[in-house]
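Okay, here's what each chain looks like letter by letter:
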Amino acid sequence: MKKRTYFQRLLCILLVLALSLSLGISLAGCEGQNGQGDQKTVRINISADPDSLDPWLSSATDTEAIFHNVFEGLCLYDTDGKIVPGLAESWDISGDGLTYTFHLRQDVVFHNGQKMTSSDVLYSYNKLTGLGGGEPLTSKFYMIESMEAPDDYTFVVHLSELSASFLSLAIVAVLPEGYEEQETSPVGAGPFRFAEYTPSQRVVLEKYEDYYGKNESPSRMPQVDRVEVYIMDDLAAVVAALRSGQLDIAAMLNAEDAPVLENDFDIYNSPQNMVQSLFLNLESEPFDDVRVRQAVCYAIDQDEIVNGVFDGYATPLPSNFSPMMGAFYNSDLEGTYPHDVDKAKELLKEAGYEDGFSMTITVPANYQAHIDTAQVLAQQLNAVGIDAEIKLIEWATWLEDVYQNAKYQSTVVGLSGKLDPDSVLGRYESTYRSNFFHFADGEYDELIAAARVELDDAKRAEDYRRCQEILTEQAAAVYLTDPNLIVACRKDLKGFTFYPVTFYDFSTLYYE
């Protein structure tokens, strides 16, 4: 028996040695590709599988952050959030503001080799709006009354009412007419083409050699050939992979990782224009009572979350809006709910919950920062008599149960920022399809409707600031932070760029 054990151990040692050699060869091969060989590869992480490979069906921030490299719309945005030409090289707006005429580029070729014309744009917008028959894929284009393609490179949109945000919506992907395999093998017109997706493992993108951006001055052609996006929800594993050379960029790091890595890697950080909150189902008791919601707001110490969870790399928020939105942000709301345990208990008593209550906080299991935040919240709520149980669920389950069907009591998650304030605050409109908070307020709906057609920026900003006021007064959610995005890059990899929305722009990356 002992002799057999000896040989088993010897065999294990030999297998480990062989595996180590194999891994060493494999890593050396990858290292050669990253700027030293013929093919330049960048390897980066995201924390969740794509919710859909079809850009018209996807709503997850991580998915958009990656696949905006694959798909493009009539318009794009720059690092300041300004709308710039995309597949349309220019556009004209009629004097009454109701007709947009887009002049399309004539050198755009989709990744399947199909040349883009106005028929592809008309096909895409017919699908999105439902004007071509069938159900609309989104309610965002409700203002489009009709469309036409008078020639191969002109696309005209007629609106039924003024829309201050229409151009920011026109970043939506234009897809090739007649192609029906977007959910398994997506085809766009961006600088990178889809190459591979292995669920729970990775997404692979490759430089698209026929990208129209190569004809621009300066050229927007990617300088790396291949991007491998690894799906990793364990941040310790992400850091280990960065240190071992298995990743070239580590995104969404914990704040405590930054000082540990800064000697060996370039560290970048920026606010994300994200709203991390304890979102409440307002149709679920006891959160149907505004006094209970306000009590929870007073029970929470934002500074403890900013410093304890994010090590200071976050901004406390008073409402569903980040200061990154500039003039639209209502700074007067800061400090509305200071940490005040006595005030929280007083409000709970008024609402009939003097002895507190029990609640469930549902959290997507792949976001450690949200899990850590929920744990801090549970401790703080316990101080006012609220017993909070944390329920971890898979991301796909969260999207279905919470986001789509509102089957939850409360949840900690971050809602991504958008280029236009309507896309952020419009989430609380009572008729919004994904209003999973079940928030409804008549004045709020009226303000949102008015701001959408208001072309005077000052008046529009005034309406949106009042919207933030209502959300804060009604405690529509327990607003927490805008967490910084912290990124570590190997030192010879340059060009990482931040945008006002979460987007990993692979076209700007290059090796020195």
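Right, let's walk through the structure included here. (Residues numbered from 1 in each chain as written. Predicted model: local features only at pLDDT ≥ 70, side-chain atom pairs only at ≥ 80, totals over all residues. Heavy atoms only, no water.)

### Here we look at the pairing of strand β4 (residues 88-93)
Piece 1. In this sheet, strand β5 (residues 99-104) lies alongside β4 in antiparallel orientation, the contact comprising 5 bridges. The residue of β5 that forms the bridge with Ala88 is Leu104.
Piece 2. Count of turn residues in the β4/β5 antiparallel hairpin: 5 residues, of which Gly97 carries a positive phi of about 75°. (Pairing = 2+ DSSP bridges. Helix = DSSP H or I, 4+ residues; strand = E, 2+ residues; numbered from the N terminus.)

### A few points about helix α11 (residues 395-404)
Piece 1. Buried within α11 are the following residues: Trp395, Trp398, Leu399, Val402 and Tyr403. One side of α11 carries all its buried residues, which in axial view fall inside an arc of 110°. The outward face of α11, more than 90 degrees from its buried face, is lined by the exposed residues Ala396 and Gln404.
Piece 2. In this structure, the buried side of α11 is in contact with β15 (357-364), β16 (386-393) and β17 (410-415).
Piece 3. Of the residues one or two after α11, Ala406 is the one with positive phi, at around 55°. (Buried < 20%, exposed > 50% of the residue type's maximum accessible area, 1.4 Å probe, protein only. Arc of directions from axis to C-beta. Contact = heavy atoms within 4.5 Å.)

### Brief notes about the pairing of strand β8 (residues 192-198)
Remember that side chains alternate between the two faces of the sheet whenever the strand is regular.
Piece 1. Here 6 bridges tie β8 to strand β9 (residues 202-207), and the two strands are oriented antiparallel to one another. Bridge pairing in β9 links Phe192 to Lys207.
Piece 2. From the end of β8 to the start of β9, which pair antiparallel, there are 3 residues, and Ser200 there has a positive phi angle of about 70°.

### A closer look at unusual backbone geometry
Excluding glycine, residues mostly carry a negative phi; peptide bonds, for their part, are mostly trans.
Piece 1. Following Ser217, the chain continues to Pro218 via a peptide bond in cis, the omega torsion being 0°.
Piece 2. Following the sequence through the fold, Pro218 ends up in the loop between β9 and β10 (226-231).
Piece 3. Of note, the amide linkage connecting Glu285 to Pro286 takes the cis form, showing an omega dihedral of 0°.
Piece 4. Along the chain, Pro286 turns up in the loop between β13 (275-280) and α7 (290-299).
Piece 5. Unusually for a residue other than glycine, Asn273 sits at a positive phi of about 60°.
Piece 6. For Asn273, the position within the fold is in the loop between β12 (265-271) and β13.

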